[in-house]
Amino acid sequence: MKSHVVVTLPLPSAVLDRLNRSFDIRLWSESEPIPEATLRAWVTGADAILCSLGTPVTAGVIASSAQLQTISSISVGVDHIDLAAATASGLPVGHTPDVLVDSTADMALALMLAVMRRIVEADQFVRRGEWGSGWSTDFFLGTDLSRATVGIVGLGPIGRAVASRVQSFGAEVIGWNRTTRQVAGVRNVALDDLFEAADVVSLHTAATAETHQLVSADRIGRMKPGAVLINTARGAIIDEPAMVRALQAGKIRAGLDVYDSEPLSPNSPLLGLDNVVLVPHLGSATRATRAAMIERALDNLASGLRGELLPWCANPDVYAKG
Ligand code: DGY
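Residues numbered from 1 in each chain as written. Predicted model: local features only at pLDDT ≥ 70, side-chain atom pairs only at ≥ 80, totals over all residues. Heavy atoms only, no water.

**A short note on the overall build of the chain**
Along its length, the chain carries 12 helices and 12 strands. A compact globule built from 322 residues should have a C-alpha radius of gyration of about 20 Å, and the chain, at 21 Å, falls within 12% of that. When the backbone C-alpha atoms are referred to their principal axes, the chain occupies close to 70 × 45 × 30 Å. By the burial criterion, 50% of the 322 residues in the chain qualify as buried. Of the contacts made within the chain by residues no fewer than 6 positions apart, 57% connect residues no fewer than 24 positions apart. When the accessible surface of the chain is totalled, it reaches about 15,200 Å², and 53% of it is carbon and sulfur. (Helix = DSSP H or I, 4+ residues; strand = E, 2+ residues; numbered from the N terminus. Rg over C-alpha atoms; globule rule 2.2 N^0.38 Å. Buried < 20%, exposed > 50% of the residue type's maximum accessible area, 1.4 Å probe, protein only. Contact = heavy atoms within 4.5 Å. Areas by Shrake-Rupley, 256 points an atom, 1.4 Å probe, with all protein chains shown as cover.)

See below:
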C-alpha cells in the first residue's frame, strides 16, 4: 500500500507526477496557506507531510496523526515547524541546506547595491517621466560598497558567501557569530560594536528563540546615520516597529526580503518609504535553486518513509532518542 502524504503547497506538475507514482498524496493547491484546522484534519492518518514556509506545522498538527513518520520542508529554515514537538514525537524533520547559499547571498548583494545606489527610486523616477534635465554632479547620489564596512551577523554558509562577495567589491568585513567562527578576511567583533561600526549590516542567522528581535531598538539606535540594514534571513530577527521608526526618521536605509508577517500587509508603513527596497521573500528564487531544494525535500521524504536516516535532517537529535 502506498504511504499517505499531505502536500501543503502547489508544486510543478512534473514533481506532482513523481509524487503520485510513489505515494498517495493529498494536495493543497490553493495559493493561500492551508488553514490549520484543515491541515489537522488532512494529517489525521497521514504518514508524512511535505510542506514549506507559510504553513505552520504546529504541535497540534503533529499530534493529529499517530502514524506520521516524517515532515519534509522545501526550505532550509524550519521556524514554521514546531521542531521541539516533532522531536518529542520522534519525527525527523527534513530541510534543504547548502543548495540555496549562493542564490540567497546574491539576493543580499542585490539589495545592498539597490539601496546604496538608489536603483528602485531612480527607476521609478525615470518611469514617471521626471527626468527633465541632464546629468548633474548631485543627482541621485548614493554610497559605495567598495568604501563600506560591512557587518555580517551570522557566519554560517550564507553569511560567509556574502562576506566573500563584498570582499571582492573591496569592502572591509566585520562579523559576529553566536559561537565565534574564524573566517578569512573577517574581523570578529561584539554584536553591539558591529551595529556601531558597520555602514551595512547584513543578517544571516536562523530565527530561533535566541535570535528573536536580535536587531533590537537599542541596536538599531546604535547604527550610523544612513547605514543600511539588509535582511534575507527572517523578519522575526528584527524589531520591525523600531526599524520602521528609524526608516521613517531617515536615520537608516534598508533592503528587505523577509518580514515579521508574510505576505507583507498592504497597510505596512514600509510601503510608503523610499529609503527601503522591498522584495517578497525571493532569496532562493532561481529556477536551479528551487529545483535543487525540491530534490532534497523529495529525498528526505522518501528516506523518512523508508525509515532511513534523512540525508538533510533539521533535528538530528531525534535519532539520539533511539
Ligand atoms: C528558506 O529556505 O528557509 C528560505 O527562506 C527560502 O527562500
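Picking up where we left off.
**Details of the sheet that holds strand β5 (residues 93–94)**
Taken together, the five strands give an open sheet; going across it, the order is β2-β1-β3-β4-β5, and neighbouring strands pair in parallel fashion. The open sheet is flanked by β2 (24–27) and β5, the only strands paired with a single partner. Here strand β4 (residues 70–73) pairs with β5 via two bridges, running parallel. Across the sheet, the residue bridging to Ile71 is Val93, located in β5. Across the sheet, helix α1 (residues 13–22) is in contact with β1 (4–7), β2 and β3 (48–51); its angle to β2 comes to roughly 135 degrees. Helix α2 (residues 36–43) rests against β1, β2 and β3 of the sheet, and its axis sits at about 165 degrees to β1. (Pairing = 2+ DSSP bridges. Axes fitted to C-alpha atoms, helices over the stretch in contact; angles between N-to-C directions.)

**Quick look at the site of the ligand**
In the neighbourhood of the ligand, the contacting residues comprise Leu53, Ser75, Val76, Gly77, Leu100, Arg234, His281, Ser284 and Met293. Here an oxygen atom of the ligand and a backbone polar atom of Val76 are 2.7 Å apart. Here an oxygen atom of the ligand and a backbone polar atom of Gly77 are 2.9 Å apart. Summarising the interface, the protein chains cover 93% of the accessible area of the ligand, which totals 230 Å² for the free molecule. Residues that form the shell around the ligand fall into these classes: four nonpolar, four polar and one charged. (Near = heavy atom within 4 Å. Polar contact = N/O pair within 3.5 Å; in protein donor to acceptor, adjacent residues only side chain to side chain. Nonpolar A, V, L, I, M, F, W, Y, C, P; charged D, E, K, R; others polar.)

**Considerations on the nonpolar core**
Grouped together as the largest cluster of nonpolar side chains are 48 residues, with contacts concentrated most on Leu11 and Leu19. Secondary-structure elements contributing two or more residues to this core are β1, α1, β3, α5 (101–116), β6 (149–153), α7 (157–168), β10 (228–231) and α11 (287–305). For this core, the element with the most residues is α5, which contributes 10 residues. Shared between two domains, this core takes at least three residues from each, and those domains are domain 1 (4–98 + 287–321) and domain 2 (101–278). Excluding residues that lie within four positions of it along the chain, Leu11 makes contacts with Leu16, Leu19, Leu50, Ile74 and Ile294. By size, the runner-up hydrophobic cluster in this structure holds 31 residues, among which are Ala198, Leu203, Met223 and Val276. (Core = buried A, V, L, I, M, F, W, Y, C linked by side-chain atoms within 4.5 Å. Domains from an automatic or database assignment.)

**Considerations on the sheet that holds strand β7 (residues 172–176)**
With parallel pairing, the seven strands of this open sheet are ordered in space as β8-β7-β6-β9-β10-β11-β12. Edge strands, defined here as strands with exactly one partner in the open sheet, are β8 (186–188) and β12 (276–278). The sheet shows a mean angle of 20 degrees between the axes of neighbouring strands, taken without regard to direction. Lying on the sheet, α7 is in contact with β6, β7, β8 and β9 (200–203); it crosses β6 at an angle near 170 degrees.

**Things to note about the packing of α1 against α11**
The description of two packed helices rests on the angle between their axes and on the distance between the axes. Close contact between α1 and α11 brings their axes to 12 Å; oriented N to C, the two are set at 10 degrees. As judged from the angle between their axes, α1 and α11 are roughly parallel. Contact with α1, carried on its side by Val15, Arg18 and Leu19, involves Ile294, Glu295, Leu298 and Leu301 of α11 and no other residues of that element. (Parallel < 35°, antiparallel > 145°, perpendicular 65-115°, else oblique.)

**Some thoughts on the pattern of salt bridges**
Taken as a whole and judged by the stated rule, the model has 18 salt bridges. When the shortest N-O distance is used, the salt bridge between Glu130 and Arg128 registers 2.7 Å. Take Glu130: its relative accessible area is 41%, and that puts it in the partly exposed class. Arg187 is the partner of Glu172 in a salt bridge, and the nearest nitrogen-oxygen pair spans 3.2 Å. (Salt bridge = Lys/Arg side-chain N within 4 Å of Asp/Glu carboxyl O.)

**Details of the domain arrangement of the chain**
The assigned domain composition of the chain is domain 1 (4–98 + 287–321) and domain 2 (101–278). Between the C-alpha centres of domain 1 and domain 2 there is a distance of 32 Å. Every contact between the two is made by five residues of domain 1 and, on the other side, four residues of domain 2. For the pair domain 1 and domain 2, the two sides together bury roughly 410 Å², of which 42% comes from carbon and sulfur. Among the residues of domain 1 in contact with domain 2, Asp79, Asp98 and Thr289 are the three that bury the most area, contributing 78% of the side total. Where domain 1 packs against domain 2, one counts one salt bridge. For Asp79, the salt bridge goes to Arg234, with nearest N and O atoms at 2.9 Å. Grouping the amino acids of the side of domain 1 that touches domain 2 by side-chain chemistry returns one nonpolar, two polar and two charged. (Buried area = accessible area lost by both parts, 1.4 Å probe.)

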